[in-house]
Amino acid sequence: MTRVAYIDPVGGLAGDMLLAALLDAGAPHDALDGSVRALGLDGVRIEVSRPVRAGLASTHVDVRTADGGGRTAEAMRAVVAASDLSEHVRSRSLDALDRLIAAEAEVHGVEPGDVVLHELGGDDTLVDICGAFALLDALEVERVVCAPIPLGRGIGEMDHGPMPLPAPAALALLAGVPVVGVETPGELVTPTGAAIVVTIARAFGEFPSMTLRTTGTGSGLREHPDRPNVVRVTIGEAANGRAGRGEVVLLQANVDDLVPELVPDVLEACVAAGAIDAWTAPIQMKKARPGVLLSVLGRPQDERALAETLLRHSSTLGVRVQRLERYELDRAIREVRVGGHPVRVKIGLLDGQVVNVAPEHDDCAAVAAATGRPAKQIWAEALSAATTETQELDAHAR
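Conventions used here
Residues numbered from 1 in each chain as written. Predicted model: local features only at pLDDT ≥ 70, side-chain atom pairs only at ≥ 80, totals over all residues. Heavy atoms only, no water. Helix = DSSP H or I, 4+ residues; strand = E, 2+ residues; numbered from the N terminus. Rg over C-alpha atoms; globule rule 2.2 N^0.38 Å. Buried < 20%, exposed > 50% of the residue type's maximum accessible area, 1.4 Å probe, protein only. Contact = heavy atoms within 4.5 Å. Areas by Shrake-Rupley, 256 points an atom, 1.4 Å probe, with all protein chains shown as cover. Lys, Arg positive; Asp, Glu negative; His and termini not counted. Charge placed at Lys NZ, Arg CZ, Asp CG, Glu CD. 1 Å grid on protein atoms, 1.4 Å probe; cavity = no way out; pocket = protein on both sides within 12 Å on 5 of 7 lines; lining within 4 Å. Points joined across faces, edges and corners; volume = space filled by probe spheres on them. Nonpolar A, V, L, I, M, F, W, Y, C, P; charged D, E, K, R; others polar. Pairing = 2+ DSSP bridges. Core = buried A, V, L, I, M, F, W, Y, C linked by side-chain atoms within 4.5 Å. Phe/Tyr/Trp six-rings, centres within 6.5 Å; stacked < 30°, edge-to-face > 60°. Axes fitted to C-alpha atoms, helices over the stretch in contact; angles between N-to-C directions.

What to know about the overall build of the protein
Counting its secondary structure elements, the protein contains 11 helices and 19 strands. Relative to the globule expectation of 21 Å for 398 residues, the C-alpha radius of gyration of the protein, 23 Å, shows essentially globular dimensions. Summarising its shape, the C-alpha atoms of the protein cover approximately 70 × 65 × 40 Å along the three principal directions. Relative to its 398 residues, the protein shows a buried fraction of 47%. Contacts in the protein between residues far apart in sequence, at least 24 positions, make up 70% of those at least 6 positions apart. Surface summary for the protein: the accessible area is close to 18,800 Å², and the carbon and sulfur share equals 51%. A gap of 6 Å separates the mean positions of the 37 positive and 55 negative side-chain charges of the protein.

This is the structure in structure tokens:
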């Protein structure tokens, strides 16, 4: 089953509010602290509190920093590019930063390389962006849908002087996104919050069908006169019981100069960056040279991360991309025990019926190593246990 997050910016959208909502939904605080360490930021302190907004218990995050901000766009990118963040989080963070930089360049009529981010050029912006993607990964969210975004109006004081609200950069980022005007005065959507959402959201609209698991509420400091100043994130599994069509991207590259021992490393790096699958096939290239076709399948929101991974880890100078659709079974993960050890089993469902049962080989291999038994025996016992369990559940449901 696909794990879905629905972002509802009830009172607006800011990076720290999104961090708070994800923590409130169950994301581990260690994942946020880990992103700060991975960025190598000194003097950052994250304070988490539990205020009540309009009668709603919520989580509030205050990112305290020692820096004065004002970094250039290139300096901000350099911090993320040189970080120890996972490949997946780093690529998404750079994508969000690039969108933010492009919006600022458009608004101020300069080249992206000449952008100075002023109030957005501080450690808090880096924590908001990188932390949000790290928390989404920690929650194992695969798809994000966002409600239409509310926009207030007014005048805000910026480093450039008085500016109309919504902030010009926020409006540039939200081009093509459904928004709704509200009477709430002031800045409801920050450029950082907008950059995160337009990078991660696959759709904007109403609440998607899901089996609801948890809801998190993140709050800001201000009290709005007409609405709670909160962002809600609801997480669940999308399961309509029928085979559905999912969007995927296929990235490919032909190489004839990659050391064979390095090919598995390229595929492993792609999987770490979020690939659904990665494989190779032998091909014959120009001048009759034997080569390798590198193929990577992923979700549209991971396209950039996967392309950069192929470019960084292989010897190719370019990556082809195709956007495809495929029919997909609903999926679930169940755990059975073999000899007292846990083994995860993937379940595929069509029209609510189990059609595929497959034990995870890595788990079977680990149990085999721990018990001294052949992996094939562990696999067979796990399959038998999972099949029996699913049959009992099906009989109970009927």
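Some thoughts on the layout of surface pockets
Estimated volume of the second largest pocket: approximately 830 Å³. Elements represented by at least two residues in the lining of the second largest pocket include exactly α1 (15-24), β5 (60-64), α4 (87-108), α5 (123-138), α6 (168-173) and α7 (191-200). Here the lining of the second largest pocket takes four residues from β5, the largest share from any one element. A per-class count over the lining of the second largest pocket returns 16 nonpolar, 13 polar and eight charged.

A closer look at the pairing of strand β19 (residues 353-359)
Taken together, the six bridges between strand β18 (residues 341-350) and β19 define a ladder with antiparallel strand orientation. Opposite L349, over in β19, you have V354 as the bridge partner. Between β18 and β19, which pair antiparallel one after the other, the connecting turn spans two residues, and D351 there sits at a positive phi close to 55 degrees.

What to know about the nonpolar core
In this structure, I7, V127 and I149 are the most contacted members of the largest nonpolar core, which totals 71 residues. The leading source of residues in this core is α5, at nine residues. Setting aside its immediate chain neighbours within four residues, I7 contacts L13, L18, V144, V145, C146, A147, V197, V231, R232 and V233. Judged by nonpolar contacts, the second largest core, of 16 residues, contains V249, L251, V263 and A273.

Topic: the side chain of T217
In this structure, T217 sits in strand β11 (residues 211-219). Those residues in contact with T217 that sit more than four places away from it in its chain are A20, A21, D24, A57, S58, T59, V230, V231 and R232.

Brief notes about the environment of L23
Residue placement: L23 occurs in helix α1. When its relative accessible area of 13% is taken as the criterion, L23 is described as buried. Sequence-wise, L23 and H60 are 37 residues apart; in three dimensions their C-alpha atoms are separated by 9.3 Å. Other than its neighbours up to four places away in sequence, L23 contacts P28, H29, L32, V48, V61 and L135.

Some words on empty space enclosed by the protein
For the structure on display, the rule yields one cavity of 30 Å³ or more. The volume enclosed by the largest cavity comes to roughly 40 Å³. R92, L136, V141, E142, R143, V144, I200 and Q301 together form the lining of the largest cavity. In terms of residue class, the lining of the largest cavity is made up of four nonpolar, one polar and three charged.

Considering the packing of aromatic side chains
Counted under the stated rule, the structure contains one aromatic pair. Plain terms: the ring middles of Y6 and F207 are 4.6 Å apart, the flat faces sit at 45 degrees to each other, and that makes the pair tilted. Taken together, the positions of Y6 in strand β1 (residues 2-8) and F207 in the loop between β10 (203-204) and β11 put the pair 201 residues apart, joining distant regions of the chain. What makes F207 partly exposed here is its relative accessible area of 43%.

A word on unusual backbone geometry
Omega for the peptide link from L165 to P166 comes to 0 degrees, which places this bond in the cis form. The phi dihedral of E140 is positive, around 60 degrees, even though this residue is not glycine. Structurally, E140 is set in the loop between α5 and β6 (143-146). You can call E140 exposed: its relative accessible area is 59%. For K287, which is not glycine, the phi dihedral falls at a positive 60 degrees. Residue position: K287 is located in the loop between β14 (277-284) and β15 (290-298). Take K287: its relative accessible area is 69%, and that puts it in the exposed class.

Things to note about the sheet that holds β1
With respect to topology, five strands assemble into an open sheet ordered β10-β6-β1-β12-β11, the strand pairing being mixed. Bordering the open sheet on either side are β10 and β11, each of which pairs with just one other strand. The pairing of β11 with strand β12 (residues 230-238) spans eight bridges and is classified as antiparallel. Bridging from a neighbouring strand, T217 pairs with R232 of β12. Together, β1, β11 and β12 form the strand contacts of α1, whose direction differs from that of β11 by roughly 140 degrees.

Shape descriptors only; they carry no functional weight alone.
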